[in-house]
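# What the coordinates show
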Amino acid sequence: MILDQYYTPPQVAFYVANAVDFAKVETCIDPACGGGSLLRAVQAKKPHISIYGIDIDSSAITALRTKHPNWTLSVGNFLDRRSRASTRVLSSMNTCDLVVANPPFSMRGVDWRSSTLNATSRKCSPAMAHILTAADILAPRIAIVALVPESLMHSHLDAEPLSMLAKSYRIQIVKKWKDSTFRGTRASTLLVTFERDSRKPQITPREYPLQPDLSCAVVRGGLPIHKAGRNRPRNGLPLIHSTALSGLPGNLQSLPVVRPIVRGVIQGNAILMPRVGLPPRRMPFPVTFKNPVQLSDCVISILLPPNQGDKIITRINKAWPLMQSLYAGTGAKYTTVRKISDALSSLGIHSSVLPGSFLEASSQAKKNNRSLFVR
């Protein structure tokens, strides 16, 4: 396992140190302190604060000990239970008020990291693993302030851990930096605070009813575009990829024909959205497919029932900025079926997320003498 190492620029560390009220902060720890810029910014904010730091890089800790002899520092892997047990920093801390962190955004050769919170193990990103471990092991009295990849706040992988943290912390995005914030990487970065605060986030009144009164279905395409070229029979289905969305329905006859797969075959009236890439500035016009089409895995479809389609279109169109906000990511912007489904629910639209193709679900619904679109 190789961790990425992109140290925090001083101008970014300044924002971290000013993200919370330091009136009651007496102790601060950075569990992946690296070059120490976050801790220096904190000490500049409150000179007499007790500073603690851990890093897996022994040379980084040696350099910090020379520059800051009053800090309590240890070499250790914060994510490893055995390493934590032998870390002097953790054994010498009586209490923890504030955690500041710029955790590794990635681990080469590792796509996810298992971590725990309240004795529950879960898969999550490397950055989220540091935050969960900080919440579980350090249990700061005031806050965790972290620089994280933008994807942490939007990905399916970190959705459950975020939900768990929200039960104990008030989570707020303080600032966003676009790519090139850290030298050597192009990751979009967020400054996020996890505050132990009795205040509740303001709840915005909903224009639409809490109980959904409309229904639709959401289908994600299933055919990877890199496999489409190998799979072109004479009598197949037109392939709808994200690059073709702006030309529909006029370009339907010129689209490549592919052998359909189980997931992502649709028919009927639909709003098509790119799964990957920037969303359109305005809601796409609904397209009616009289015959089945195959969606690529970069396209998501909102299928509209005949009797409620106009009302659903009106609501989505009116709230299109909400739909645009669903696209995020450290690299390429993307959205997910779950995020679209949750957004539709906030508009009073119940959405059935279909596991297979629309045709398959329709066939099963007919067998059960039930309508696919039900309230």
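Preceding this paragraph is the structure being described.
Description of the structure in this document. (Residues numbered from 1 in each chain as written. Predicted model: local features only at pLDDT ≥ 70, side-chain atom pairs only at ≥ 80, totals over all residues. Heavy atoms only, no water.)

### Some thoughts on the overall build of the protein
Note the threshold: A run of DSSP states H or I qualifies as a helix once it reaches four residues; a run of E qualifies as a strand once it reaches two. Both are numbered from the N-terminal end. Using a 1.4 Å probe on the protein chains alone, a residue whose accessible area is under 20% of its type maximum counts as buried, one over 50% counts as exposed, and one in between counts as partly exposed. Contacts are assigned to residue pairs with any non-hydrogen atoms lying within 4.5 Å of each other.
The secondary structure content of the protein amounts to 12 helices and 18 strands. Every one of the 375 residues in the protein was classed for burial, and the buried ones make up 53%. Pairs at least 24 residues apart make up 69% of the contacts formed inside the protein by residues separated by at least 6 positions.

### Some thoughts on the nonpolar core
This is how it is decided: Among buried residues, the Ala, Val, Leu, Ile, Met, Phe, Trp, Tyr and Cys ones that are joined through side-chain atoms within 4.5 Å form a nonpolar core.
The biggest cluster of nonpolar side chains holds 30 residues, and the ones touching the most others in it are Ile29 and Ile131. Those elements that provide at least two residues to this core are strand E3 (50-55), helix H5 (88-92), helix H6 (126-138), strand E9 (143-149), helix H7 (159-165) and strand E11 (189-195). If one sorts the elements of this core by residue count, H6 sits on top with eight residues. Once you skip the residues sitting within four places of it in the chain, Ile29 turns out to touch Leu39, Tyr52, Gly53, Ile54, Val89, Leu90, Met93, Cys96, Leu98, Val99, Val100 and Leu138. Of all hydrophobic cores here, the second largest spans 28 residues; its members include Val25, Val42, Ile49 and Ala143.

### Digging into the pairing of E9
Using the following cut-off: A strand pair is defined by DSSP finding two or more bridges across the two strands.
Of all seven residues in E9, seven are buried; the element is thus mostly enclosed. Side chains Ala143, Val145, Leu147 and Pro149 project from E9 onto one buried face, and the interleaved Ile144, Ala146 and Val148 project onto a second face that is buried too. Of the pairings in the sheet, the one linking strand E5 (residues 98-101) to E9 comprises four bridges and is parallel in character. Opposite Ala101, over in E9, you have Ala146 as the bridge partner. Pairing of E9 with E11 involves seven bridges; the strand directions are antiparallel. Residue pairing across strands places Val148 opposite Leu190, the latter belonging to E11.

### Some remarks on the environment of Val42
As for its placement among the helices and strands, Val42 is situated in helix H2 (residues 37-45). Its relative accessible area of 0% is what places Val42 among the buried residues. When the C-alpha atoms of Val42 and Ala17 are compared, they prove to be 5.0 Å apart, with 25 residues separating the residues in sequence. Val42 has contacts with Ala17, Phe22, Cys28, Ile49, Ile51 and Val100, leaving out every residue within four places of it along the chain.

### Brief notes about the sheet that holds E5
Backbone-to-backbone hydrogen bonds pair the strands of a sheet. The strands run either parallel or antiparallel. What counts is decided by this rule: For helices, the axis comes from a line fit to the C-alpha atoms of the stretch in contact; other axes are also lines fit to C-alpha atoms, and the angle between any two N-to-C directions lies between 0 and 180 degrees.
Strand order in this open sheet of seven strands is E4-E3-E2-E5-E9-E11-E10, and the pairing throughout is mixed. Each having just a single partner strand, strand E4 (72-75) and strand E10 (170-177) make up the two edges of the open sheet. For this sheet, the mean inter-axis angle between neighbouring strands, taken without regard to orientation, is 15 degrees. Where strand E2 (residues 27-30) meets E5, two bridges bridge the pair, whose relative direction is parallel. Opposite Ile29, over in E5, you have Val99 as the bridge partner.

### Structural notes on the packing of aromatic side chains
We apply this condition: Note on aromatic pairs: the rings of Phe, Tyr and Trp (six-membered ring only in Trp) are paired at centre separations within 6.5 Å, and the planes decide the class, stacked below 30 degrees, edge-to-face beyond 60, tilted for the rest.
Under the counting rule described, the total for this entry stands at two aromatic pairs. Measuring from ring centre to ring centre gives 5.7 Å for Phe14 and Tyr15, while their planes differ by 80 degrees; the resulting arrangement is edge-to-face. Note on Tyr15: relative accessible area 38%, which makes it partly exposed. The interplanar angle of 75 degrees and the centroid separation of 5.7 Å between the aromatic rings of Tyr15 and Trp177 together place this pair among those described as edge-to-face. With a gap of 162 residues between them, Tyr15 in helix H1 (residues 10-17) and Trp177 in strand E10 connect regions that are remote in the sequence.

### What to know about helix H11 (residues 337-346)
Buried within H11 we find Val337, Lys339, Ile340, Ser341, Ala343 and Leu344. Just beyond H11, the residue with positive phi is Gly348, at close to 80 degrees.

### A few points about H6
Residues spaced three or four apart along an α-helix face the same direction, because each turn holds 3.6 residues. What counts here: To estimate how far a helix should reach, multiply one less than its number of residues by 1.5 Å.
A rise of 1.5 Å per residue sets the reference length of H6, with its 13 residues, at 18 Å; its end C-alpha atoms lie 17 Å apart and thus fit the reference within 8%. Of all 13 residues making up H6, 11 are buried, and the element is well covered by its neighbours. What H6 keeps buried is the set Pro126, Ala127, Met128, Ala129, His130, Ile131, Leu132, Thr133, Ala134, Ala135 and Leu138. Ala139 sits one or two residues past H6 and shows a positive phi near 45 degrees.

### Overview of the side chain of Ser296
Selection criterion: Here a polar contact means two N or O atoms within 3.5 Å. Within protein one must be a hydrogen donor candidate and the other an acceptor candidate, and residues neighboring in sequence count only if both atoms are side-chain atoms.
Here Ser296 shows up in the loop between strand E16 (287-295) and strand E17 (299-303). Look at Ser296 and you get buried, because its relative accessible area is 0%. Reaching out from Ser296, the side chain makes a polar contact with the side chain of His241 at a distance of 2.8 Å. Those residues in contact with Ser296, other than ones at most four positions away along the chain, are Gly221, Gly222, Leu223, Leu239, Ile240, His241 and Ser242.

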